[in-house]
Amino acid sequence: MSNKMWGGRFTGRPDAIMEEINVSIDVDRHLYAQDIAASKAHAAMLSAQGIITASDAKNIGKGLDTILSEIDNGAFDFKRALEDIHMNVESRLSELIGPAAGRLHTARSRNDQVATDFRLYVRDEIDEIDAALSAFQQALVTRALEHAATVMPGFTHLQTAQPVTLGHHLLAYVEMAARDRGRFADARRRLNESPLGAAALAGTSFPIDRAATAKALGFDRPMANSLDAVSDRDFVLEALSAASIASVHLSRFAEELVLWTSPLVGLVRLSDKFTTGSSIMPQKRNPDAAELVRAKTGRVIGALTALLIVMKGLPLAYQKDMQEDKQGAMEAFGALSLAIRAMTGMVLDLVPDEARMKQAAGEGYATATDLADWLVRTLKMPFRDAHHVTGRIVALASKQGVALHELPLQAMQEVEPKITADALRGLSVEASVRSRTSYGGTAPKNVLAQAKAWARRLEKARKRP
């Protein structure tokens, strides 16, 4: 008995192991909505071109709507023996409308079918991720407005460097998320071309209208080369690359939350909503949500790496290796979406310990650069000389065990006689952050202005049709 999918060429059944390695329905069943949408567009085009009758196209459309409803309602029986989503849908369509179902596959192949379905799927995922990133930005901006003047330590090398504000720190991630959204938008723009109608690899002799199906599915245009149309997976790689960078940004923030919530640091607290306890240590409050965001980055980067390795040795055109393009990507997009939502929740949930932040901001002689700047600005000292003088004063303060602004003026003048009391007024953490008024600096008025500008920008984007 011949295999229905392969027609008369094959007379025997595949080995059980062959069936197991070849089946993809467990993964590509998630493409059902995109597969049905593309099939409806294809049937309508075939009818408009006179390739199938209007009656058959109408019945195909109705049957596909029924199948969509069955799947949505959990009433559809996915059969592994039918291998993939395409054959599962076509088989059920045949049960519903009879022989007319066989006309649906005219002038197309599973090669251009799956390429179209997956482009539609990735496009939908990009749109969902963009919306999640927008909500993440909004949460960051909301908290930045609240904490535009809340002083905290800024770090380099994980050592206290200079005072900044919490609002300034949060806005750094708004900027990162904006770049992430830009990368996804660029990837979406490039993927928005339709492979449908490329057939197996060479196009078709039927008088199809590829522009019509492209328009019906929301694509900008048909892909110009049939070989490229069925074999390209750049669109997945680009989206996964953008996802990987976005995941790294989230992971960096998650790492900070893990550090900041540690009792040893104690800059912020997270509530019961985003922490867990210990099965043995009743005092523990673990930042598990942040830790899991950090870990999911590996899943996203792994999916990108895996697909790059799959694609690197494939000649044109379609190869079965490409069946491995979906599972990792689907899991990666799901992981990223969940991580963004978790980070958004934590941003809104975190409670800064403002007193501890201010104290930590002044530790480690964090305002030493302000003293050096005063020497340059007031005494016209070359910066390298000012750096050296300030270093000697910091060493003196450290020896006496006092903060820089608490060191007596007389002691400073033993190092540099021209220092006046005016220098001391700029050495508090509040004065330090107020002085950072250069564009992009941490001065509270800067932060407030930037946060308000971002709030307007996000609101305008939400209202855009």
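Up top is the structure.
These figures come from a predicted structure and were not determined experimentally.

Caption draft 1: Representation of the pairing of strand β2 (residues 159-165). Here strand β1 (residues 151-156) runs beside β2; their pairing, made up of five bridges, is antiparallel. Directly across from Val151, in β2, lies its bridge partner Thr165. In this antiparallel pair of consecutive strands, β1 and β2, the connection spans two residues, and His157 shows a positive phi of 60°.

Caption draft 2: Main features of empty space enclosed by the protein. Within the structure shown, the criterion is met by one cavity of 30 Å³ or more. For the largest cavity, the calculated volume is near 50 Å³. Taken together, Leu133, Phe136, Tyr173, Met176, Ala177, Asp180, Ala246, His249, Leu250 and Phe253 make up the lining of the largest cavity. In the lining of the largest cavity, the residues fall into eight nonpolar, one polar and one charged.

Caption draft 3: Local environment of the side chain of Thr106. Positionally, Thr106 belongs in the loop between α5 (85-97) and α6 (110-146). Non-local contacts of Thr106, meaning those with residues more than four positions away in its chain, are made with His42, Leu46, Ile51 and Phe206.

Caption draft 4: Region of interest: a nonpolar patch on the surface. Together, Phe155, Leu158 and Leu259 line one region of the surface with nonpolar side chains, adding up to about 270 Å² of accessible area. Take Leu158: its relative accessible area is 61%, and that puts it in the exposed class.

Caption draft 5: Highlighting the environment of Gly391. Within the secondary structure, Gly391 sits in helix α15 (residues 383-400). A relative accessible area of 37% means that Gly391 is categorised as partly exposed. Note: C-alpha distance between Gly391 and Ala368 (23 residues apart in sequence) is 7.9 Å.

Caption draft 6: Spatial organisation of the pattern of salt bridges. Tallying each qualifying case throughout the model produces 30 salt bridges. Where Arg103 meets Asp56, a salt bridge forms, and the shortest distance between an N and an O atom there is 2.9 Å. Placement of Arg103 in the loop between α5 and α6 and of Asp56 in helix α4 (residues 54-72) is noted, with a sequence separation of 47 residues between them. You can call Asp56 buried: its relative accessible area is 15%. Here Glu238 and Arg190 are joined by a salt bridge, their closest N and O atoms 2.8 Å apart. In this pair, Glu238 is assigned in helix α10 (residues 234-261) and Arg190 in helix α7 (residues 166-191), connecting sequence segments 48 residues apart. One network of salt bridges, with partners in common, ties together Glu83, Asp84, Arg110 and Lys320.

Caption draft 7: Examining the packing of aromatic side chains more closely. Under the counting rule described, the total for this entry stands at four aromatic pairs. Between Tyr173 and Phe253, the aromatic rings sit 4.4 Å apart at their centres with planes inclined by 15°, giving stacked as the arrangement. Within this pair, whereas Tyr173 is found in helix α7, its partner Phe253 is found in helix α10, the two being separated by 80 residues in sequence. A residue is classified by how much of its surface remains accessible, and Phe253, at 0% relative accessible area, is buried. The ring of Phe219 carries Arg123 above its face, with NZ or CZ at 5.1 Å from the centroid. Lys326 extends its terminal NZ or CZ atom over the ring of Phe118, reaching a point 5.6 Å from the ring centre.

Caption draft 8: Region of interest: the packing of α7 against helix α19 (residues 444-463). The interhelical angle for the contact between α7 and α19, taken along N-to-C directions, is 35°, at an axis separation of 10 Å. Both α7 and α19 take part in a crossing whose hand is left-handed. For the pair α7 and α19, contact is made by Gly167, His168, Leu171, Val174, Glu175, Ala178 and Arg181 and by Val447, Gln450, Ala451, Trp454 and Leu458, respectively. In terms of residue class, the contact of α7 with α19 is built from seven nonpolar, three polar and two charged.

Caption draft 9: View of helix α3 (residues 32-48). Taking 1.5 Å per residue as the helical rise, α3 with its 17 residues ought to reach 24 Å, and the 24 Å between its terminal C-alpha atoms agrees with that figure. Considered for burial, the residues of α3 that qualify are Tyr32, Gln34, Asp35, Ile36, Ala38, Ser39, Ala41, His42, Ala43, Met45 and Leu46.

Caption draft 10: Structural context of the packing of α3 against α4. Remark: α3 packs on α4, axes separated minimally by 9 Å, with the N-to-C direction vectors making an angle of 170°. Looking at the two axes, α3 sits roughly antiparallel to α4. Here Tyr32, Ala33, Ile36, Ser39, Lys40, Ala43 and Ser47 of α3 come into contact with α4, specifically with Ala54, Ala57, Ile60, Leu64, Asp65, Ile67, Leu68, Ile71 and Asp72. A per-class count over the contact of α3 with α4 returns 11 nonpolar, two polar and three charged.

Caption draft 11: Representation of the layout of surface pockets within the structure. The space that makes up the largest pocket amounts to roughly 620 Å³. Taken together, 25 residues make up the lining of the largest pocket; nearest its centre are Pro153, Gly154, Phe155, His169 and Glu256.

Caption draft 12: A look at the environment of Met381. Its place among the elements puts Met381 in the loop between α14 (368-379) and α15. Residues Met381 and Thr156, 225 residues apart in the sequence, show an inter-C-alpha distance of 26 Å. If sequence neighbours within four positions are ignored, Met381 has contacts with Leu375, Val376, Ala386, Val389 and Glu416.

Reading guide: rules and limits
Residues numbered from 1 in each chain as written. Predicted model: local features only at pLDDT ≥ 70, side-chain atom pairs only at ≥ 80, totals over all residues. Heavy atoms only, no water. Pairing = 2+ DSSP bridges. Helix = DSSP H or I, 4+ residues; strand = E, 2+ residues; numbered from the N terminus. 1 Å grid on protein atoms, 1.4 Å probe; cavity = no way out; pocket = protein on both sides within 12 Å on 5 of 7 lines; lining within 4 Å. Points joined across faces, edges and corners; volume = space filled by probe spheres on them. Nonpolar A, V, L, I, M, F, W, Y, C, P; charged D, E, K, R; others polar. Contact = heavy atoms within 4.5 Å. Patch = residues over 30% accessible without salt bridge, like charges linked within 9 Å, V, L, I, M, F, W, Y side chains within 5 Å. Areas by Shrake-Rupley, 256 points an atom, 1.4 Å probe, with all protein chains shown as cover. Salt bridge = Lys/Arg side-chain N within 4 Å of Asp/Glu carboxyl O. Buried < 20%, exposed > 50% of the residue type's maximum accessible area, 1.4 Å probe, protein only. Phe/Tyr/Trp six-rings, centres within 6.5 Å; stacked < 30°, edge-to-face > 60°. Lys NZ or Arg CZ within 6 Å of the ring centre and 35° of its normal. Axes fitted to C-alpha atoms, helices over the stretch in contact; angles between N-to-C directions. Left-handed = near helix turned anticlockwise from the far one by under 90°. Expected span 1.5 Å × (residues − 1). Parallel < 35°, antiparallel > 145°, perpendicular 65-115°, else oblique.

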